[in-house]
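Summary of structural features
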Amino acid sequence: MFGSILKRMVNLKVPIKTKVNALRGLMQKQNLDAYIVPSEDQHQSEYISLKDKRREYISGFTGSSGCALITLDKALLWTDGRYWLQADHQLDKDIWVVMKDRVAGEPTISDWLCSNIKPQGRIGIDSKLISNASFEDMSNQLQVSGKGFQLVTPSDNNLVDEVREQFKDQEEVPQYPLTEVFYLDTKYSGKSSEDKISAIREDLKKSQADYIVVSALDEIAWLFNLRGSDISFNPVFLSYAIVSQQGTAQLFINEKKLNSNVRQHLPKGTEILDYSHIFETIRQLDKSGKKIWLDPKSSLALYECVSKENLHEQSSPITMAKSLKNPVEMEGFRQCHIRDGAALVQFLAWLEDEIMVQNITSHTECSVADKLEEFRRKQDLFVSLSFDTISGMGSNGAIIHYKPDPETCKNISKGMYLVDSGAQYFDGTTDVTRTVYFGNPTQHEIDCYTRVLKGHLGISLLKFPARVTGRDIDSVARMVLWEQGLDYAHGTGHGVGSFLNVHEGPQSLSQRQNINVALKPGMTLTNEPGYYETGKFGIRIENVMLTVPATTAFNNGTFNTFENITLCPYERKLMNMQMLNNQEITFINNYYKEIRQKLSPLLQSDPLATKWLQENTTPLSLHLIN
């Protein structure tokens, strides 16, 4: 459905410098002093189709997060800590400067513009590619400078698209996919689309809004119980939707993508309109005086279709509804993680045997990632990977979102190896990281791993009041690292969709200031602290968890805790047992017992994996207490 193993790097024929110079030529024609190229598409998606990878096209940086700023003589790219090393490796240093995003003391794009662009400077950005919230924040910061900057926001002529057209004879211009969408049965979704839309209409009534515009692709897929393949690894499809308080839902999509089976399962009365008609439809609703609900994360272009008096601005109710998994979805998560755990155990058993027993030295980061995908493809209900596998040997493990290139990747050898991977199944989405060691680790490597493990276990063991947010507990995973002056430049965890995007909000475990959503039963979260030494090694341990009600001794108020659903042992040879306390050891032993019980039946035909599982889930010894 999603095709076989995807090609990992695009073969660029036109040099980046040539593209940047062509963009500057277009900027001069429009009298622009700067042009901003975000990562997102017009749905503000993190992961996007090839056609929408404009920032990657103009810069050569392939990370999922980042924003480019091009002036007539400078080119800068802001990205977060997951991608600093990757950006430094991929960007041409004669053209681009890497800027650190979300770091105290480092300039934001607005800061840099205020300090470096002449007064009355004109700054361009495609209004479809920036959220209204981000646009207003940038506008306010530029206005405070008092320099009279002008933000130019055309939605009909993206300058990077024009550059692509200039070089279309040398590099093919990608088009949007025309693959069909498909219906997801309620035995996987747990709730009919009619019921979901009915709940949204109740939200409209409470908010006294006539219509809500839905632009986030995973929200549309969830709302209609449909899935697609327009974006690699994310089972979504390019579309918009409008739901009315009274009347029909409207789905804006290329009709060629809807087969008869999908049409039969659409809620009664659903109107199908062309994808391109969304803006004019909203303008007509606005002209008729209807109150229109827009999420602040929607694009500026959508906001420009609605007058202030007709605007109801509020976060989409679908965001929260989608994050609270129903009982069917929760059980689907548990089941798909059992099958996924079996595949991962088969892979780790195979890889250890190849490296440590067979002494094979020809395996590469890419070839073993492909082997892991092979094991997953054999599992029931498998659809695709959920993201490009991060397969990092040694120093490459320190590149947080490393993507191996077949032409340059390392061979697998003795040392630290990090594998962060996941899959899409009809009944759920997985995301798991394990760090293993081939050979004999140093004491420093053991101690670093154990500190990461203790942070991971700290989150796993936590019980917390119902009011607690992910920001409140992010530091639990970092404290043991902080004791030694260590840390990691990424969040501790993110939400996971149910056969949807592997990154899902609004919940997360992060230090970011805007993380203010209380963690509720039914929410999924990853638990993935790490530690990275540039040029040496990377460590990350990641499980997916379900938020569930907790039982406490005093029953004083409502408390929650986490249920681990990822099933794969930790690396025993990297554990410093003297650093682990008995509570942590007991948790690991109980976890290992669950892993053996649930995975062993799926591994009966694989003696190598069965033996590896038994050896790697042997109970750890508790400390003797005098």
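Reading the values: the criteria
Residues numbered from 1 in each chain as written. Predicted model: local features only at pLDDT ≥ 70, side-chain atom pairs only at ≥ 80, totals over all residues. Heavy atoms only, no water. Helix = DSSP H or I, 4+ residues; strand = E, 2+ residues; numbered from the N terminus. Buried < 20%, exposed > 50% of the residue type's maximum accessible area, 1.4 Å probe, protein only. Lys, Arg positive; Asp, Glu negative; His and termini not counted. Salt bridge = Lys/Arg side-chain N within 4 Å of Asp/Glu carboxyl O. Contact = heavy atoms within 4.5 Å. Pairing = 2+ DSSP bridges. Axes fitted to C-alpha atoms, helices over the stretch in contact; angles between N-to-C directions. Domains from an automatic or database assignment. Buried area = accessible area lost by both parts, 1.4 Å probe. Polar contact = N/O pair within 3.5 Å; in protein donor to acceptor, adjacent residues only side chain to side chain.

**Quick look at unusual backbone geometry**
Note that the residue after Gly 505, namely Pro 506, is joined by a cis bond; omega there is 10°. Structurally, Pro 506 can be placed in strand E23 (residues 504-509). Notably, Gln 208 is not glycine yet its phi reads approximately 55°, a positive angle. Within the secondary structure layout, Gln 208 lies in the loop between helix H8 (193-207) and strand E8 (211-214). Classification of Gln 208 by relative accessible area gives exposed; the value is 66%. Unlike most non-glycine residues, Asn 359 shows phi in positive territory, near 60°. Along the chain, Asn 359 falls in the loop between helix H14 (327-357) and helix H15 (365-377).

**Regarding the side chain of Arg 164**
Structurally, the position occupied by Arg 164 is in helix H6 (residues 159-166). No salt bridge is formed by the buried Arg 164; the nearest opposite charge belongs to Asp 161, separated by 4.1 Å. Once you skip the residues sitting within four places of it in the chain, Arg 164 turns out to touch Leu 50, Lys 51, Lys 53, Arg 54, Tyr 57, Val 173 and Pro 174.

**Describing the environment of Thr 552**
By the element assignment, Thr 552 lies in the loop between strand E27 (543-549) and strand E28 (559-564). The contact partners of Thr 552, leaving out residues within four places of it in the chain, are Lys 463 and Phe 559.

**Digging into the sheet that holds strand E14 (residues 311-313)**
One open sheet holds the six strands; their spatial order is E12-E11-E10-E8-E13-E14, and the pairing between them is mixed. Each edge of the sheet is formed by a strand with only one pairing partner; in this case those strands are strand E12 (271-273) and E14. Taking each pair of neighbouring strands and ignoring which way they run, the sheet shows an average axis angle of 25°. Bridging between strand E13 (residues 292-294) and E14 involves three bridges; their strand directions are parallel. Residue Leu 294 lies in a different strand from E14, and its bridge partner there is Glu 313. Across the sheet, H8 lies against E8, strand E10 (240-244), strand E11 (249-252), E13 and E14, angled at about 65° from E10, the strand it touches most. The strands that helix H11 (residues 278-287) touches are E8, E10, E11, E12 and E13; relative to E10, the one it contacts most, it runs at about 25°.

**Describing the domain arrangement of the protein chain**
We note that the domain assignment places domain 1 (16-167), domain 2 (182-317) and domain 3 (329-617) within the protein chain. A C-alpha centroid distance of 29 Å is found between domain 1 and domain 2. Each side of the interface is counted separately: domain 1 has 17 residues, and domain 2 has 20 residues. For the pair domain 1 and domain 2, the two sides together bury roughly 1400 Å², of which 56% comes from carbon and sulfur. Summed over the shared surface of domain 1 and domain 2, the number is eleven residue pairs in polar contact (both at pLDDT 80 or more).

**Focus: the pairing of strand E1 (residues 34-38)**
Of all five residues in E1, five are buried, a share of seventy percent or more. Residues Ala 34, Ile 36 and Pro 38 of E1 are buried on one face, and the alternating residues Tyr 35 and Val 37, pointing to the opposite face, are buried as well. In the sheet, E1 pairs with strand E5 (residues 122-124) via two bridges, with the strands oriented parallel. Within E5, the residue paired with Ala 34 across the bridge is Ile 123. Here E1 pairs with strand E2 (residues 67-71) via five bridges, running antiparallel. Opposite Ile 36, over in E2, you have Leu 69 as the bridge partner.

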